[in-house]
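Here are the chains, one letter per residue:
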Amino acid sequence: INLCHLLSTIDMGIFQRFARIPLKSTYIWSLCRQYSTDLTAVDRALIQHRCVHNRGLGASPGNPGAAPPRLPFSRVTQEDLAFFRTLLPGRTITDPDLLKSSNVDWLKTVEGNSEVLLRPKTTEEVSQILRYCNERNLAVCPQGGNTGLVGGSVPVFDEIILSTSLMKQVITFDNISGILTCQAGCVLENLSNYLEERDFIMPLDLGAKGSCHIGGNVSTNAGGLRLLRYGSLRGTVLGLEVVLADGRILNCLATLRKDNTGYDLKQLFIGSEGTLGVITAVSILCPRKPKAVNVAFLGCSSFQQLLETFQCCRGMLGEILSAFEFLDASCMSLLEKHLKLTNPITESPFYIVIETAGSNATHDEEKLHKFLEEVMTSSLVTDGTVATEATKIKALWSLRERVTEALTHEGYTYKYDISLPVEKIYDLVQDMRGHLGDMAKNVVGYGHVGDGNLHLNITSPSKDPALLAAIEPYVYEWTSKWKGSISAEHGLGLKKRNYIYYSKPSEAVALMGSIKAMLDPKGILNPYKTLPDNIH
Amino acid sequence: CFAPFLCLRPPQIRVKPDRTGVVTDGVKHSMNPFCEIAVEEAVKLKEKKLVKEVVAVSCGPQQVQETIRTALAMGADRGIHVEVSGKDYETLGPLQVSKIFAALAKKEQADLIILGKQAIDDDCNQTGQMTAALLDWPQGTFASEVTLEADKLKVVREIDGGLETIKIKLPAVVTADLRLNTPRYATLPNIMKAKKKKIVNVKPADLGVDVSSRLEVLKVDEPPQRQSGVKVETVHDLVEKLKEAGRI
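Under the annotation held in an unreviewed UniProt entry, chain B carries the name Electron transfer flavoprotein subunit beta and is attributed to Cyprinus carpio carpio. The annotation that UniProt attaches to chain B under Sequence similarities (unreviewed entry) is "Belongs to the ETF beta-subunit/FixA family."

With an unreviewed UniProt entry as reference, chain A is termed D-2-hydroxyglutarate dehydrogenase, mitochondrial, source organism Cyprinus carpio carpio. On record in UniProt, under Cofactor (unreviewed entry), the comment for chain A is "FAD". Per UniProt, chain A has the following entry under Subcellular location (unreviewed entry): "Mitochondrion".

Draft legend 1. Local environment of the overall build of chain A. Per the secondary structure count, chain A includes 20 helices and 16 strands. Residue pairs in contact within chain A that sit at least 24 positions apart in sequence constitute 73% of those at least 6 positions apart. Accessible area for chain A stands at about 22,400 Å²; split by element, carbon and sulfur atoms hold 54% of it.

Draft legend 2. Structural view of the overall build of chain B. Within chain B one finds 7 helices and 10 strands. Its C-alpha atoms put chain B at 70 × 40 × 40 Å along the principal axes. When contacts within chain B are restricted to residue pairs at least 6 apart in sequence, long-range pairs at least 24 apart make up 68% of them. Carbon and sulfur atoms make up 52% of the accessible area of chain B, which totals about 14,400 Å². Of the charged side chains in chain B, 37 are positive and 34 negative; the average position of the first set lies 5 Å away from that of the second.

Draft legend 3. Structural view of the nonpolar core. One finds A:Ile354, A:Phe371, A:Tyr416, A:Leu456 and A:Ile458 to be the most contacted residues of the largest nonpolar core, which totals 91 residues. Top contributing element to this core by residue count: helix H1 (residues 33-47) of chain B, with 8 residues. When near neighbours in sequence (up to four residues on either side) are disregarded, A:Ile458 contacts A:Tyr412, A:Thr413, A:Tyr414, A:Tyr416, A:Met432, A:Leu436, A:Ala440, A:Asn442, A:Val443, A:Leu467 and A:Ile471. Membership of the second largest hydrophobic core comes to 29 residues, among which are A:Phe173, A:Leu191, A:Leu195 and A:Val218.

Draft legend 4. Summary view of the packing of helix H17 (residues 425-436) of chain A against helix H19 (residues 474-481) of chain A. Residue and element names in this part refer to chain A. Between H17 and H19, the least distance of the axes is 11 Å, while the angle of their chain directions is 145°. The interaxial crossing formed by H17 with H19 has right-handed handedness. Seen from H17, the contacting residues are Asp427, Leu428, Asp431, Met432 and His435; seen from H19, they are Tyr474, Val475, Trp478 and Thr479.

Draft legend 5. Fine view of a nonpolar patch on the surface. Taken together, the side chains of B:Val230, B:Val232, B:Val235, B:Leu238, B:Val239, B:Leu242 and B:Ile248 make up a nonpolar region of the molecular surface, amounting to roughly 600 Å² of accessible area. With respect to the helices and strands, B:Leu238 occurs in helix H7 (residues 235-244).

Draft legend 6. Geometry of the interface of chain A and chain B. Tallying the contact residues gives 19 residues for chain A and 14 residues for chain B. Carbon and sulfur atoms make up 61% of the area that chain A and chain B hide from each other, which totals about 1,400 Å². Linking chain A with chain B are 2 salt bridges. The salt bridge partner of A:Lys392 is B:Glu36, with a shortest N-O separation of 2.2 Å. At the boundary of chain A and chain B, one finds 3 residue pairs in polar contact (both at pLDDT 80 or more). Within the residue set of the side of chain A that touches chain B, elements represented by two or more residues are helix H14 (361-377), strand E13 (383-387) and helix H15 (390-401) of chain A. It is H14(A) that contributes the most residues to the side of chain A that touches chain B, 5 residues altogether. Grouping the amino acids of the side of chain A that touches chain B by side-chain chemistry returns 8 nonpolar, 5 polar and 6 charged.

Draft legend 7. Main features of the UniProt feature "domain: FAD-binding PCMH-type" (unreviewed entry) in chain A. On the UniProt side, "domain: FAD-binding PCMH-type" (unreviewed entry) is annotated at positions that read residues 109-289 of chain A here. The distance separating the terminal C-alpha atoms of residues 109-289 of chain A is 37 Å; by composition the span is 23% helix and 22% strand.

Draft legend 8. Region of the structure containing the sheet that holds strand E10 (residues 199-202) of chain B. All names here are of chain B. The strand order across the open sheet formed by 3 strands is E3-E4-E10, and the pairing between neighbours is parallel. The two strands at the open ends of the sheet, each matched to only one other strand, are strand E3 (55-60) and E10. On average, adjacent strands in this sheet sit at an angle of 20° to one another, irrespective of strand direction. Note: E3 against strand E4 (residues 78-83), 6 bridges, orientation parallel.

Draft legend 9. The arrangement of the packing of aromatic side chains in detail. Residue and element names in this part refer to chain A. Using the criterion set out here, one finds 20 aromatic pairs over all chains in the structure. A centroid spacing of 5.6 Å and a plane angle of 25° characterise the contact between phenylalanine 303 and tyrosine 426, whose relative ring orientation is stacked. Remark: tyrosine 426 occurs in helix H17 and phenylalanine 303 occurs in helix H12 (residues 303-317); sequence separation between them is 123 residues. Here phenylalanine 303 and tyrosine 426 have matching classes, each one buried. Grouping aromatic residues by their ring pairs yields a cluster made of Phe303, Phe326, Phe350 and Tyr426. Here arginine 198 stacks its cationic end above the ring of tyrosine 194, 3.7 Å away from the centre of that ring.

Draft legend 10. Quick look at the environment of A:Ala281. On the secondary structure map, A:Ala281 appears in strand E9 (residues 278-285). The contacts of A:Ala281, once residues within four sequence positions are left out, are A:Ile171, A:Cys182, A:Gln183, A:Ala184, A:Gly239, A:Leu240, A:Glu241 and A:Leu253.

Draft legend 11. Fine view of the sheet that holds strand E7 (residues 237-243) of chain A. Residue and element names in this part refer to chain A. With antiparallel pairing, the 5 strands of this open sheet are ordered in space as E5-E6-E9-E7-E8. The open sheet has two edge strands with one neighbour each: strand E5 (170-174) and strand E8 (249-252). This sheet shows a mean twist of 10° between the axes of neighbouring strands, independent of strand direction. Contacts between helix H6 (residues 123-136) and the sheet are confined to E7, E8 and E9, with E7 contributing the most and set at about 45° to the helix.

Draft legend 12. Structural detail: the side chain of A:His448. With respect to the helices, strands and loops of the structure, A:His448 is situated in strand E15 (residues 442-448). Each residue touching A:His448, except ones within four places of it in the same chain, is listed here: A:Gly224, A:Leu225, A:Phe324, A:Glu325, A:Arg400, A:Asn453, A:His455 and A:Glu489.

Draft legend 13. Spotlight on the environment of A:Leu118. Residue and element names in this part refer to chain A. Along the chain, the position of leucine 118 falls in strand E2 (residues 117-118). The buried category is assigned to leucine 118, whose relative accessible area is 0%. The spatial distance from the C-alpha of leucine 118 to the C-alpha of tyrosine 412 is 31 Å, given a sequence separation of 294 residues. What leucine 118 contacts, discounting residues up to four positions off in sequence, is Phe84, Leu88, Arg91, Thr92, Ile129, Ile160, Ile161, Leu162 and Ser163.

Draft legend 14. Inspection of a negative patch on the surface at higher detail. All names here are of chain B. Negative charge collects at one region of the surface, where Glu233, Asp237, Glu240 and Glu244 lie side by side. With respect to the secondary-structure elements, aspartate 237 resides in helix H7. The partly exposed category is assigned to aspartate 237, whose relative accessible area is 31%.

Draft legend 15. Local environment of the pattern of salt bridges. Applying the stated criterion to the full structure yields 37 salt bridges over all chains. B:Glu90 is the partner of B:Lys87 in a salt bridge, and the nearest nitrogen-oxygen pair spans 3.3 Å. Here B:Lys87 and its partner B:Glu90 are both found in helix H3 (residues 87-90), 3 residues apart, which amounts to about one turn of the helix. In this pair, the class of B:Lys87 matches that of B:Glu90, namely exposed. In this structure, a network of salt bridges that share partners links the residues A:Asp205, A:Lys209, A:Arg226 and A:Glu401.

Reading guide: rules and limits
- Residues numbered from 1 in each chain as written.
- Chains lettered and ligands numbered in written order.
- Predicted model: local features only at pLDDT ≥ 70, side-chain atom pairs only at ≥ 80, totals over all residues.
- Heavy atoms only, no water.
- UniProt positions renumbered as here; feature names shortened; annotations may be inferred.
- Helix = DSSP H or I, 4+ residues; strand = E, 2+ residues; numbered from the N terminus.
- Contact = heavy atoms within 4.5 Å.
- Areas by Shrake-Rupley, 256 points an atom, 1.4 Å probe, with all protein chains shown as cover.
- Lys, Arg positive; Asp, Glu negative; His and termini not counted.
- Charge placed at Lys NZ, Arg CZ, Asp CG, Glu CD.
- Core = buried A, V, L, I, M, F, W, Y, C linked by side-chain atoms within 4.5 Å.
- Buried < 20%, exposed > 50% of the residue type's maximum accessible area, 1.4 Å probe, protein only.
- Axes fitted to C-alpha atoms, helices over the stretch in contact; angles between N-to-C directions.
- Left-handed = near helix turned anticlockwise from the far one by under 90°.
- Patch = residues over 30% accessible without salt bridge, like charges linked within 9 Å, V, L, I, M, F, W, Y side chains within 5 Å.
- Salt bridge = Lys/Arg side-chain N within 4 Å of Asp/Glu carboxyl O.
- Buried area = accessible area lost by both parts, 1.4 Å probe.
- Polar contact = N/O pair within 3.5 Å; in protein donor to acceptor, adjacent residues only side chain to side chain.
- Nonpolar A, V, L, I, M, F, W, Y, C, P; charged D, E, K, R; others polar.
- Pairing = 2+ DSSP bridges.
- Phe/Tyr/Trp six-rings, centres within 6.5 Å; stacked < 30°, edge-to-face > 60°.
- Lys NZ or Arg CZ within 6 Å of the ring centre and 35° of its normal.

Encoded structure:
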């Protein structure tokens, strides 16, 4: 039985049965076993019900990612504009043409209609903006580089956009400890360049580096290509300066590697997607720039062999391994078709990008060559090439980093960022292909296989509600069955806020709601994002 | 053949404190991009069965062997490493290199010498032309297309005015320009095979070449620092500033 069809017929009935029971009743919480591996029809119905704003419009069981109706925030008046213009002369943007690009996300899938874009330069200005907006009950959408993929970085309605684009100063850098402090609007690539001149690197790297802001990276707990080696931002961020919803400045910008004095508040803000506070400055621990970087691009004939290559890699390359990424043959053909990139090796079902980074070129090359000899002679790998020099390394990396770009040329992309047990990763891609059949134009898989993180992308020439209904909730149920995460690193934003229950138990979500209510009682910070609609 | 292996421009090139040159210590060295194109063209000719053997040559210190191995992995048959190191390497220029290539060409009885049009560290664009002159061979420089027609070579050259097509007799010297081809990646199976190919070591003296330089570098300076620009708020301010600067 196709569960979507079943649910749509019994939906209305269940609606009527549960509509009168208050959501916070313990009766429902105990009935609902969201966290079990087997979802029953009752569970599913409850999850679907939670996905609906019970006033009607907006998110529905068929489309939990759509926006809910506008909450009763104030609307911007001439007096408000006068205040902003006095506070930020020349940096209060109201021109609709200039606002357009900040109202639309990078994927061009969600669009808001904000009428005001503010560009503060200092923490003090951010504080005054939020204090004012809190008093006036004006909603605010913090925005960094606007490269987010879940619709979390653009307004849904007329929220005021608070941009960090002019907060791009590096504050300090200590080249003994490697600790960098900077404002939240620094572009990641600029920070990388700054550090490289001083023989250090940023602990994270992602395809969006030319545009994303470090504040945004921290707010989404961005993962990226180097997580395998340097860990997540939760470990490398040492301190934050945050402005709270009522304008209070929380200065926890410590530059200490170790500090166990009280609760670690910064962890609340990391990954909170701008809903608990606006990050205005970051202090981050940076690793030394490796003296020797090598990249190998390999081809494997099966996913099983790819996994065995990974095990061999871990064993033989050990501490010099800094990235292990994969892409499938469908990704390669899109790169060739739309971006005219050439496949450096023979066609294979799977491709791996391996990066090593170390302090001694001879030592690293020896290890790498031994590893490559081993995987070639044992036929785990069918073909491959190596790069030791900067332009070639960049060329090989672009085969992985530009897949997202290539997909945008195929029409509308449905993106899923899933964490799974590593051996199950490609099963999801294959099951999805079988499940969708002809409905989808492309079903591709790529990502940080070393971290157990799959980027599953499905394209169709244009937005297709029937396709969406076939994909969701199938993909989330599949993920939930294997106790995976429905959003490994992209966050929940607007699009995935209502799916949180597939990966977190209701008690946890309820506690998140309490924390939100405590830090932002009026709910002005990035409303309609991250937390599910029924939390209100 | 291809030009001496040399250093790839890193993001920050620094002038040595004594201003006699640039810092090369710790800088990643690799094959000159135009020479890669030359190797690719040579390998292509061999794959078309138009040439019998491709010999890769490079002049420089020990590290040069790595570059020769890359050429072998791309498809060259054997390598010759002309060992020049230390002070001699620092002063090695196009004239000495072309003398070395001319001597080797005679020794090996080569029919065709292909090299990159210029090295991207010194941008001299002299080695190919000097080699042809020393051997009294015809030259097809800035080649964007090379076709073998019986015992002659048809070369399409990139020149300022457009494209010039010439026919030259073999033996000849050809220098490769950007659009000649796209060099292949050296793939692992070929990298493994290349380990078994031979690289022979020779010294310039063995070829009867004196590598001492007749040039003396007086000084090397960084380009003048670019002054930061000024942002103005209105068109009126812009006009005022341009007047101030005496530009209008």
